[in-house]
Amino acid sequence: MIYKTIITVVVAFIALVIVVPLILNAIGIDILQGGGGSASGTGVLFRSGDGGAHWEEAKFLRERRGPLPAYIFDVAAHPTATTTLFAGAKAAGLWKSEDKGLTWRPVKDATGTLAARSDVYRVVISGGRPETMYVAVYQDSRGRVLKSEDGGASFREIYFVGQRRYGVFDLATSSISPDTVMAATGEGRLITSDDGGRRWHFAKVLRDPIVALSMHPRYPNEGYLLTSRGRTYRTYDGGMTWTDLGVPGQGAAMREGNRRVIEHPYSRLAWYPSRTVRGSVTDVLAPDPHRPEVLYRTSRGVLLHSTDGGSVWQPFSTFIDDLQVPVGGVAVHPTEPNTLMVSAGEAVYTSRDAGINWSIMRIAGSDPLREIFIHPDDPAVVFIASGR
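The structure displayed is predicted, hence computed values, not measured ones.

Chemist: Break down the sheet that holds strand β14 (residues 201-205) for me, with residues and values.
Modeler: Pairing is antiparallel in the open sheet, where 4 strands are placed in the order β11-β12-β13-β14. Of all strands in the sheet, those with a lone pairing partner are β11 (168-173) and β14, marking the two edges. Ignoring which end each strand starts from, the neighbouring axes of this sheet average 20 degrees apart. Inspection of the sheet shows strand β12 (residues 181-185) paired to strand β13 (residues 189-193) by 4 bridges, in the antiparallel sense. Bridge pairing in β13 places Met-182 opposite Thr-192.

Chemist: An account of the nonpolar core is requested, with residue identities and associated values reported.
Modeler: Core analysis: the biggest nonpolar cluster contains 30 residues, and Leu-45, Phe-60, Ile-72, Val-75, Trp-95, Trp-104 and Phe-383 have the highest contact counts within it. Within the residue set of this core, elements represented by two or more residues are β1 (39-48), β2 (56-61), β3 (72-77), β4 (85-89), β15 (210-215), β16 (223-227) and β30 (382-386). The element best represented in this core is β3, accounting for 4 residues. Sequence-distant contacts of Leu-45, defined by excluding residues within four places in its chain, comprise Glu-56, Glu-57, Ala-58, Phe-60, Ile-72, Val-75, Trp-104, Phe-383, Ile-384 and Ala-385.

Chemist: Residues and numbers for the packing of aromatic side chains, please.
Modeler: Summed over all chains, the structure comprises 8 aromatic pairs. Each ring, one from Phe-60 and one from Trp-95, has its centre 5.2 Å from the other, and the planes form 85 degrees; the classification is edge-to-face. Note that Phe-60 is positioned in strand β2 and Trp-95 in strand β5 (residues 94-97), a separation of 35 residues in sequence. Like Trp-95, Phe-60 is buried.

Chemist: Give me the sheet that holds β15: which residues, what numbers.
Modeler: One open sheet accounts for 4 strands, arranged β15-β16-β17-β18; its pairing is antiparallel. With one partner strand each, in any of the chains shown, β15 and β18 (243-246) form the two edges of the open sheet. Going from strand to strand, the sheet's axes swing by 20 degrees on average, the running direction of each strand aside. Relative to strand β17 (residues 232-235), β16 is paired through 4 bridges, and the arrangement is antiparallel. From the neighbouring strand, Tyr-224 faces β17, where its bridge partner is Arg-234.

Chemist: How would you explain unusual backbone geometry if you had to name every residue and give the values?
Modeler: Residues other than glycine seldom take positive phi values, yet Asp-140 does so here, at roughly 55 degrees. As for its placement among the helices and strands, Asp-140 is situated in the loop between β8 (133-139) and β9 (142-148). In this structure, Arg-165 is a non-glycine residue whose phi angle is positive, near 70 degrees. Relative to the helices and strands, Arg-165 is located in the loop between β10 (156-160) and β11.

Chemist: How would you explain the pattern of salt bridges if you had to name every residue and give the values?
Modeler: This model, assessed by the stated rule, comprises 16 salt bridges. We note a salt bridge from Arg-199 to Asp-195, for which the minimum N-O separation is 2.8 Å. Assessed through its relative accessible area of 63%, Arg-199 is described here as exposed. Each of Asp-74, Arg-122 and Asp-170 takes part in salt bridges that share partners, so that together they form one network.

Chemist: Outline the pairing of β30, supporting the account with residue identities and numerical values.
Modeler: In terms of residue burial, β30 counts as a mostly covered element, since 5 of its 5 residues are buried. Alternating positions in β30 separate into two faces, Val-382, Ile-384 and Ser-386 on one and Phe-383 and Ala-385 on the other, with burial throughout. Of the pairings in the sheet, the one linking strand β29 (residues 369-374) to β30 comprises 4 bridges and is antiparallel in character. Each residue of the ladder has a partner; that of Leu-369, found in β30, is Ser-386.

Chemist: Explain the confidence of the model for the protein chain to me, and be specific about the residues and the numbers.
Modeler: Summary statistics for the protein chain give a mean pLDDT of 82 and a share of 79% for residues scoring 70 or more. For the stretch residues 250-281, pLDDT sits under 50, and the model shows 158 contacts to residues farther than four places along the chain or on other chains.

Chemist: Outline the pairing of strand β23 (residues 302-306), supporting the account with residue identities and numerical values.
Modeler: In terms of strand pairing, strand β22 (residues 295-299) meets β23 through 5 bridges, oriented antiparallel. Its bridge partner lying in β23, Tyr-296 is registered against His-305. Hairpin connection between β22 and β23: a loop of 2 residues separates the two successive antiparallel strands, and Arg-300 in this loop has a positive phi of roughly 55 degrees. With 2 bridges connecting them, β23 and strand β24 (residues 314-315) associate as antiparallel partners. Bridging from a neighbouring strand, His-305 pairs with Gln-314 of β24.

So, how was this worked out
- Residues numbered from 1 in each chain as written.
- Predicted model: local features only at pLDDT ≥ 70, side-chain atom pairs only at ≥ 80, totals over all residues.
- Heavy atoms only, no water.
- Pairing = 2+ DSSP bridges.
- Helix = DSSP H or I, 4+ residues; strand = E, 2+ residues; numbered from the N terminus.
- Axes fitted to C-alpha atoms, helices over the stretch in contact; angles between N-to-C directions.
- Core = buried A, V, L, I, M, F, W, Y, C linked by side-chain atoms within 4.5 Å.
- Buried < 20%, exposed > 50% of the residue type's maximum accessible area, 1.4 Å probe, protein only.
- Contact = heavy atoms within 4.5 Å.
- Phe/Tyr/Trp six-rings, centres within 6.5 Å; stacked < 30°, edge-to-face > 60°.
- Salt bridge = Lys/Arg side-chain N within 4 Å of Asp/Glu carboxyl O.
- pLDDT = per-residue confidence, 0-100.

In structure tokens:
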């Protein structure tokens, strides 16, 4: 009897430590990998290394029991280490790649300030101080701005909103003043610090939440704000004064209602944004990096164009209009002024003659394609976020 008991215990032990882990690993629960995790294509980020001719899923190396990104809000390139990229994720914190975005690993904050399951809406790396990074996060029911001065190895909090359940949606740094940082908050405040986040002052206070902040990537005194109701504000003096441009009124296609309209902030990849806020897909406003006052915007899936800094918007006609597929994102090539990339549905549309002719590349099996991020120093490397 004792031998049968021993045999039963041994068999149960073998099943527990060998068979069960093998089964779990086979169905995608990577408990055999120890601390390093396993590579997983989550379908939230697609990468091209040849300017959009071919696409593949980016691989995310998660920690054991660690979260995988539910959505990618932002991709930021390091200004000097051109193979290094950072990505802000929904419910999965901050991620880093050292091979131009082929594989990604979660960033571990040595201080524990940055939560592993936070929403990271924006990543901004200082051009003047490449080891300095600011991130806009939502964690513990509050929007916060975190700062790292060692390339992301550790973070400290430099700002948090006064009210719970309000976010910090966008950040911007100055290309001419490395200690200047601006933050747009859901409390309707645009705040500015001139000393790297030690002290803050109000640059603009609005009744509605400010959900978007974008400083022009080449003309640093030109910038734009968007509110939750779609109202646009413009500055030509680096954010000291703002002009109310109102809400674009081009019929039904321009009505924004109460949706959060998000434009990308001034970062190394700042001219290609559309994104979601907690699952709600929003529109994109993208300054043309080659021309002042030239902007592209989507509104309810329609692509619009302005040549006067957003005062007047006109439909940017493409054959996509006839397909009845909503536009998810738009990008202007950083070195080729006439090259545009547009995402719509499961396809990427590229024009090399300012929108006259278009080529189409379908990314099979993707959710609707959203933001487009083009690497500023290696434009052959392109990313597209995917999600509903």
